[in-house]
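Below are the chains, spelled out letter by letter.
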Amino acid sequence: MEAAGEAPVAFPAPLRAEAAAAAVLPERLRRREAERQQGVERQRQKKEAQVVKEEQSEFFVAAFAREREAVEALLAAGPLEEAAARLQGLQKLLTESVRFLAPYEVRQGQEAVARLQGDLAARRQQLQPKKKFAFRALKKEAAPGSEPRPAEPARPAAAAPAPGYGPAEGEPGGPPLCGFSGAEDEELELGPAELLQRDVVLSELRGCRVLLRGNANTLRVRDCRGCTVLCGPVSTSALVDGCSDCLLVLACQQLRSHRTRDCRFYVQVTSRAVIEDCTKISFAPYAWSYPGIERDFESSGLDRNRNNWNLVDDFDWLATNKPSPNWSLIPEQERISCWD
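The written sequence of each chain sets the order in which its residues are numbered from 1. Reporting in this predicted model follows two pLDDT cut-offs: at least 70 for local features of residues, and 80 or more for side-chain atom pairs to be given and counted; totals over whole chains, interfaces and linings ignore these cut-offs and use all residues. Side-chain measures here rest on the full set of heavy atoms in the structure, leaving out hydrogens and waters.

Three labels apply to residues, based on accessible area from a 1.4 Å probe with only protein chains included: buried if under 20% of the type maximum, exposed if over 50%, partly exposed otherwise in between. Per the convention used, a helix needs a DSSP run of H or I reaching at least four residues, while a strand needs a run of E reaching at least two, with both numbered from the N terminus. Most of strand β7 (residues 237–241) sits inside the fold, with 5 of its 5 residues counted as buried. For two strands to pair, DSSP has to find at least two bridges joining them. Where strand β5 (residues 218–222) and β7 come together, 4 bridges link them in parallel fashion. Opposite L219, over in β7, you have A238 as the bridge partner.

Right, let's get into helix α2 (residues 80–97). By this rule the span expected of a helix is its residue count minus one, scaled by 1.5 Å. The end-to-end C-alpha distance of α2 is 26 Å, a good match for the 26 Å that 18 residues give at a rise of 1.5 Å each. Every buried residue of α2 is listed here: L80, A83, L87, L90, Q91, L94, T95 and S97.

To continue, consider the layout of surface pockets. Here the largest pocket is characterised by a volume of approximately 530 Å³. The rule is simple: put a 1 Å grid over the protein atoms alone, call a set of points where a 1.4 Å probe fits but cannot get out a cavity, call an open set with protein on both sides within 12 Å along at least five of seven lines a pocket, and count a residue as lining if it has an atom within 4 Å of a point. The wall of the largest pocket is formed by 24 residues, among which P103, R272, D313, D314 and W317 lie closest to the centre. Of all the secondary-structure elements, those providing two or more residues to the lining of the largest pocket are α3 (103–127) and β13 (312–314). With 4 residues, α3 is the single largest residue contributor to the lining of the largest pocket. Polar here means any residue other than Ala, Val, Leu, Ile, Met, Phe, Trp, Tyr, Cys and Pro, which are nonpolar, and Asp, Glu, Lys and Arg, which are charged; Gly is therefore polar. When grouped by side-chain class, the residues that make up the lining of the largest pocket number 13 nonpolar, 4 polar and 7 charged. Grid points are joined across faces, edges and corners, and a volume is the space filled by probe spheres set on the points. In this structure, the second largest pocket spans a volume of roughly 150 Å³. Lining the second largest pocket we find F60, V61, F64, A65, R68, Y104, E105, Q108, G109 and A112. Breaking the lining of the second largest pocket down by element, the ones donating at least two residues are α1 (13–77) and α3. Across the lining of the second largest pocket, the residue classes tally to 6 nonpolar, 2 polar and 2 charged.

A pair is scored as a salt bridge if a Lys or Arg side-chain nitrogen falls within 4 Å of a carboxyl oxygen belonging to Asp or Glu. For the coordinates displayed, the defined rule picks out 11 salt bridges. The partner of D241 in a salt bridge is R259, and the shortest N-O contact between them spans 3.1 Å. Taken together, the residues D241 in strand β7 and R259 in the loop between β9 (254–258) and β10 (261–269) connect sequence positions 18 residues apart. Using a relative accessible area of 7% as the deciding quantity, one classes D241 as buried. With a shortest N-O distance of 3.1 Å, R261 and D262 are connected by a salt bridge. Overall, the relative accessible area of 41% leaves R261 in the partly exposed class.

This next bit is on unusual backbone geometry. Even without glycine at this site, D262 takes up a positive phi of about 50°. Turning to its location among the elements, D262 is positioned in strand β10. For D262, a relative accessible area of 29% corresponds to the partly exposed category. One non-glycine residue, D277, adopts positive backbone phi at about 55°.

Time to look at the sheet that holds β10. Strand-to-strand pairing in sheets goes through backbone hydrogen bonds, with the strands running parallel or antiparallel. The strand order across the open sheet built from 7 strands is β2-β4-β6-β8-β10-β12-β14, with neighbouring strands paired in parallel fashion. Strand pairing shows two members of the sheet lacking a second neighbour, β2 (187–190) and β14 (327–329), which therefore form its edges. For this sheet, the mean angle separating the axes of adjacent strands, direction not counted, is 20°. Judged from the 4 bridges that link them, β2 and strand β4 (residues 209–212) form a sheet pairing that is parallel. Counterpart to E187 in the pairing with β4 is R209. In the packing of helix α5 (residues 293–300) onto the sheet, contacts are made with β6 (228–233), β8 (247–252) and β10, and the angle to β6 comes to roughly 65°. Here the axes come from fitting lines to C-alpha atoms, over the contacting stretch only for helices, and the angles between their N-to-C directions go from 0 to 180 degrees. Note on definitions: a residue-residue contact is assigned when non-hydrogen atoms from the two residues lie within 4.5 Å.

Following this line, the structure appears as structure tokens:
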């Protein structure tokens with residue numbers, strides 16, 4: 001028994017340090033265990049997300065193949081209206097699946113849809129009624145001494161491909177159903193009746209302003225220089241190929257650009273735009289309007305509330321930690337708001 005008034009026994013300094021370390025050690029172990037558990041949980045969630053992504057991809061591949069075969073069968077023997085509707089559904093399936101597909105799966109799907117669109121256009125052209133044969137009257141010779149009548153200026157061809165220029169990827173081999181080719185420094189225009197669910201090709205234009213008011217099925221812009229193209233809603237795809245110094249205002253489900261440089265795009269696109277072999281191109285949201293555009297959007301089936309104008313996949317830029325140097329966004333203060 002301690003005597004009254006005696007001071008408590010003091011432990012040596014080394015023993016106090018060991019006791020403090022013993023108290024701290026369990027807390028450190030608890031933190032380390034908590035961090036380990038968090039790491040395990042992150043790995044589990046990542047693995048589950050990967051499994052879900054793989055299952056979605058497998059479902060897409062099976063569904064896409066089934067629908068593609070159905071469209072091919074309808075193109076071979078069935079009504080083209082049903083083939084066009086099924087093809088539009090196939091495009092929608094691809095658009096809605098882009099977020100979980102690998103880039104090569106997206107590209108394969110886009111190429112398959114483009115090929116089927118070309119086949120559909122070719123079948124429509126094949127089934128068009130042929131013009132009846134008729135003898136043409138011989139041109140009368142001018143009377144002696146009379147002045148020859150001046151030739152009327154030729155309007156740009158609206159259904160003839162540019163000479164010596166092969167079809168772009170995904171484009172039907174036959175002549176386009178409507179469009180313009182070979183014009184220079186002209187204002188060209190097509191209206192709703194001319195465009196409704198038709199395939200449009202603009203080729204080898206120089207310094208032209210093109211107004212496409214209406215709902216086209218597809219749009220191809222190829223080998224154009226210094227042009228402005230203002231286009232209403234396109235139900236499926238728009239392809240810009242081999243163009244330079246152009247301003248393109250487009251609304252579509254799918255946008256692809258090949259071999260294009262120094263161009264500005266104002267787009268409403270429901271999937272991610274795809275570029276390849278392109279340089280110095282820039283993007284801004286779609287900003288054109290005209291009387292009847294809401295009706296054309298309803299006819300096209302495009303979702304106005306879904307616009308991925310700033311999401312671009314560059315097939316020439318594989319780095320994920322750095323943005324592609326081939327495209328950029330147009331600063332808000334530099335965007336065009338008035339198109340008149």
